[in-house]
Amino acid sequence: MNEGPLIEVRGLTIKEDDAVIQQGLNFTVGRGQIFAIMGETGAGKSRLIRHMVGLDPPAEGEVYYQGEAFWSGSEECRERLMRRFGVLFAGGALFSTKTLIENVAVGLRLHTDLNPDDVLAVARLKLALMGLLGYENHYPSEVDETRRTWAGFARATALDPEILFLDEPAALLDPLGARRVDEVIRWFRDDLGATVVIVSNDHETLFSIADEAIFLDSETNTMTARGNPSYLRDHSTDAKVRAFLGGGRE
Amino acid sequence: MGAEADQRLTVSRDGDAVVVQLGGDWDLRRGLPPTIPLAKAINADPRPSRLRVQNVSLGRWDSSLVTVLAQIEQTGATHGLDLDLKEAPAGVLRLLEIAREGGRRSPGALSVLPAASPEIRAPLPWVVGRWVIEGTLTLGDKVPPLTEAVGRFVIESARTTGDKIDFLGSTAVALWRMLVGRTWRLGLGMTAALQEAGVGTLPVLAILAFSGGAVLSLLANQQLGKLGAPLLAPQLVAIVILRELGALATGVALAFRVGSGIAAELATMAAGKEVDALRAMNISPFDFLVAPRVLALVLMGPLLVIYANALGLLGGLFVGVSTNEIPVAIHLESLSSALTLKHAIAGLMKGAAFGLAVGMAGCYYGLRSGKTPGSVGQAVQTGVVAAVLGVVLADAVLTLFFKWVQL
């Protein structure tokens, strides 16, 4: 079996209208890694995720999953690959007309053969893992934004995805919540075997759980660093990256 | 990777203990094994006092195993059995513990997995009234000169025609998939959509139809009275209401009340990345958002036309009887001679077509709006204008068509 990198991004260009935001992005993500994308606001981090999960085609370049081309392949092939992903958008992006448990259940109904009772049992388990029991039948508008984020997490992980994409999961959480996110990410990697791609600028997240990170620079419009965050903080050749990670001041 | 072994859950009895043997590869996508044998074993005489989980060459596992173990644990607890989970994989136990903790932290939820029985709640109302008002009040900062506005409109229309045809096609496909039952399991919220399109429109429509019928009757009586043919007035009023006024009032009421609501709702969803979330889950926004709303409007349109017709005729009758010197019985006779199925059908078909026009306009401008909360207002504005225009155009086309087929 092909045991190359799980994800490979090759020659990717990100454009907004006609302006180039990022170009020449090349990196690989290995199976079981927690891979962080960092960079300043507007550097194209979220857009990169959108290209990787199949929401918008990139201006140039390609994303490969186990060697299989994601965008230049057929639509069926892309949909098959997308079924292996779980995506958490900033703020949760829950379906506003559905209760929290129904938000989690949608994917289970659609992509599994579980019977209706089992769908609810699995959905309830996922809500329990995120500490949301007791809120199953609340609508997203009836809970605070912290719980919406957690419910989004439960929905993203409903199908035990092989690859979990997280766009600033801790953006709306307090520091304790942010640490809990780190913990949750670790279970999914360690216990359920997920590979995690996370957009985050949170130092603690980066240093404590990320195996590898890339830095998207908004001035040179490309990635200026790649490696373990703690290593980059002290040894990156780019002074901006060292400063970004809080190192290199001495 | 070796061949996958099917998940196994076997229940046996060992003295005073019920033994649950778990084995094979567990995959959520293939479903959960039934737990009925467990319930049977527990309820068998003599009653057991212990419940033990045994690991028999358990392979890969995922949330399905955690869910089943949580159910086993729950069952054991409710029957007061001593539980022995030592042989379950450490990872499963850890997740189970976390889920238990999550259950403890939440108010009102004592157990991890209470029996699956979702309470039924009233659907959330489509709260959009405030947006509508805000949207219609901000009528652009600058008003461009007329020529420029017309030019822009033409260019913009030409540019987006392909997109609109595409939208229409995708909606047709989604409606088909819905009608043949392929998308129902998504939970489409048809009830809420029907309620919004139907019940929500009744008050506005009542006023429109009743006063429309009254005014029409007043004019008809005056003008035909002058010509010396006042007996024709009730007939004329009835025909106009059945063929045109009832349907048009319905179309306009739907455009203002429901078209605006749909545009605002979908634009808010697009701004909140809900639409992206759908697409990321391989769910088509057309299946999930557009088809149920459009279908609800097409179904409700004719029903609302019947309602509007009744109220319009009532308004006409009220004014006719109180201003005309003709006896009520003769008035009613003249009126009922015009109440034919042919006229009614023409009106009903218009009602369905107007529902379609309003649904398409609302959904199109809702989904095609910008990605910021500020674009919601604009989506509503353009959506309502397009919905009314759509209704009026459909009216003209259908009227010509009915003349052609002599309906």
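Above this note sits the structure.
Criteria and thresholds
- Residues numbered from 1 in each chain as written.
- Chains lettered and ligands numbered in written order.
- Predicted model: local features only at pLDDT ≥ 70, side-chain atom pairs only at ≥ 80, totals over all residues.
- Heavy atoms only, no water.
- Buried < 20%, exposed > 50% of the residue type's maximum accessible area, 1.4 Å probe, protein only.
- Helix = DSSP H or I, 4+ residues; strand = E, 2+ residues; numbered from the N terminus.
- Pairing = 2+ DSSP bridges.
- Polar contact = N/O pair within 3.5 Å; in protein donor to acceptor, adjacent residues only side chain to side chain.
- Contact = heavy atoms within 4.5 Å.
- Phe/Tyr/Trp six-rings, centres within 6.5 Å; stacked < 30°, edge-to-face > 60°.
- Axes fitted to C-alpha atoms, helices over the stretch in contact; angles between N-to-C directions.
- Buried area = accessible area lost by both parts, 1.4 Å probe.
- Salt bridge = Lys/Arg side-chain N within 4 Å of Asp/Glu carboxyl O.
- Expected span 1.5 Å × (residues − 1).

K.L.:
Could you give an account of the pairing of strand 3 (residues 34–39) of chain A, with specific residues and numbers?
P.N.:
Residues and elements named next belong to chain A. Extensive coverage of strand 3 is indicated by the burial of 6 of its 6 residues. The pairing of strand 3 with strand 8 (residues 195–199) spans 4 bridges and is parallel. Residue pairing in the sheet places isoleucine 34 in a bridge with valine 196 of strand 8. With 5 bridges connecting them, strand 3 and strand 9 (residues 212–217) associate as parallel partners. Of the residues in strand 9, the one forming a bridge with phenylalanine 35 is glutamate 212.

K.L.:
Let's hear about the side chain of A:Asp160: which residues, and what values?
P.N.:
Tracing the backbone shows A:Asp160 in the loop between helix 5 (145–156) and strand 7 (163–167). Within polar-contact distance, the side chain of A:Asp160 engages the side chain of B:Ser63 at 2.5 Å. Excluding anything up to four places from it in sequence, A:Asp160 contacts A:Lys126, A:Leu192, B:Leu28, B:Asp62 and B:Ser63.

K.L.:
Go over the packing of aromatic side chains with me, naming the residues and quoting the values.
P.N.:
Residue and element names in this part refer to chain A. Applying the stated criterion across every chain, the model contains 15 aromatic pairs over all chains. Between phenylalanine 85 and phenylalanine 165, the ring centres sit 5.2 Å apart and the planes meet at 75°, which makes this aromatic pair edge-to-face. Separated by 80 residues along the polypeptide, phenylalanine 85 in strand 6 (residues 85–88) and phenylalanine 165 in strand 7 bring together distant segments of the chain. With a centroid separation of 5.7 Å and an interplanar angle of 20°, the aromatic rings of tryptophan 150 and phenylalanine 153 are classed as stacked.

K.L.:
Report on the sheet that holds strand 9 of chain A, specifying residues and quantitative values.
P.N.:
Residues and elements named next belong to chain A. The strand order across the open sheet formed by 6 strands is 6-7-8-3-9-10, and the pairing between neighbours is mixed. Each end of this open sheet is capped by a strand with a single partner; those strands are strand 6 and strand 10 (222–227). Neighbour-to-neighbour, the strand axes of this sheet turn through a mean angle of 15°, independent of strand direction. Where helix 5 meets the sheet, it contacts strand 6 and strand 7, and its direction lies at approximately 170° from that of strand 6.

K.L.:
I'd love a proper account of the interface of chain B and chain A, names of residues and values included.
P.N.:
Listed per partner, the contact involves 53 residues of chain B and 52 residues of chain A. Here chain B meets chain A over a buried area of about 4800 Å², counting both sides, of which 61% is carbon and sulfur. Run the count over chain B and chain A and you get 2 salt bridges. Here B:Asp276 and A:Arg50 are joined by a salt bridge, their closest N and O atoms 2.6 Å apart.

K.L.:
How would you sum up helix 2 (residues 63–78) of chain B? Please name residues and give values.
P.N.:
Residue and element names in this part refer to chain B. With 16 residues, helix 2 extends 22 Å from end C-alpha to end C-alpha; this agrees with the ideal 22 Å at 1.5 Å per step. Within helix 2, 12 of the 16 residues are buried, leaving the element largely enclosed by the surrounding structure. Burial in helix 2 covers these residues: Ser63, Ser64, Leu65, Val66, Thr67, Val68, Leu69, Ala70, Gln71, Ile72, Glu73 and Gly76. Among the residues trailing helix 2, glycine 80 stands out with phi positive, at a value near 65°.

K.L.:
Report on the pairing of strand 2 (residues 17–24) of chain B, specifying residues and quantitative values.
P.N.:
Residue and element names in this part refer to chain B. Among the 8 residues in strand 2, 7 count as buried, and that is most of the element. Direction of pairing for strand 1 (residues 8–14) relative to strand 2: antiparallel, over a ladder of 7 bridges. Counted as the bridge partner of aspartate 14 is alanine 17 from strand 2. The hairpin formed by strand 1 and strand 2 contains 2 residues between the paired strands, and glycine 15 there has a positive phi angle of roughly 65°.

K.L.:
How would you summarise the pattern of salt bridges if you had to cite specific residues and measurements?
P.N.:
Opposite charge on two side chains permits pairing when their charged atoms draw close. Scanning all chains against the criterion turns up 37 salt bridges over all chains. Among the ionic pairs, A:Glu8 bridges to A:Arg10, the shortest N-O distance being 3.2 Å. On the accessibility criterion, A:Arg10 (41% relative accessible area) is partly exposed. The salt bridge partner of B:Arg30 is B:Asp6, with a shortest N-O separation of 3.0 Å. Of the two residues, B:Arg30 is situated in the loop between strand 2 and helix 1 (36–43) and B:Asp6 in the segment before strand 1; the sequence distance between them amounts to 24 residues.

K.L.:
Which residues make up the sheet that holds strand 4 (residues 60–65) of chain A, and what values do they have?
P.N.:
Read from one edge of the open sheet, 4 strands run 2-1-4-5 (chain A), paired in antiparallel fashion. The open sheet terminates on both sides in strands that have one partner only, identified here as strand 2 (19–29) and strand 5 (68–69) of chain A.

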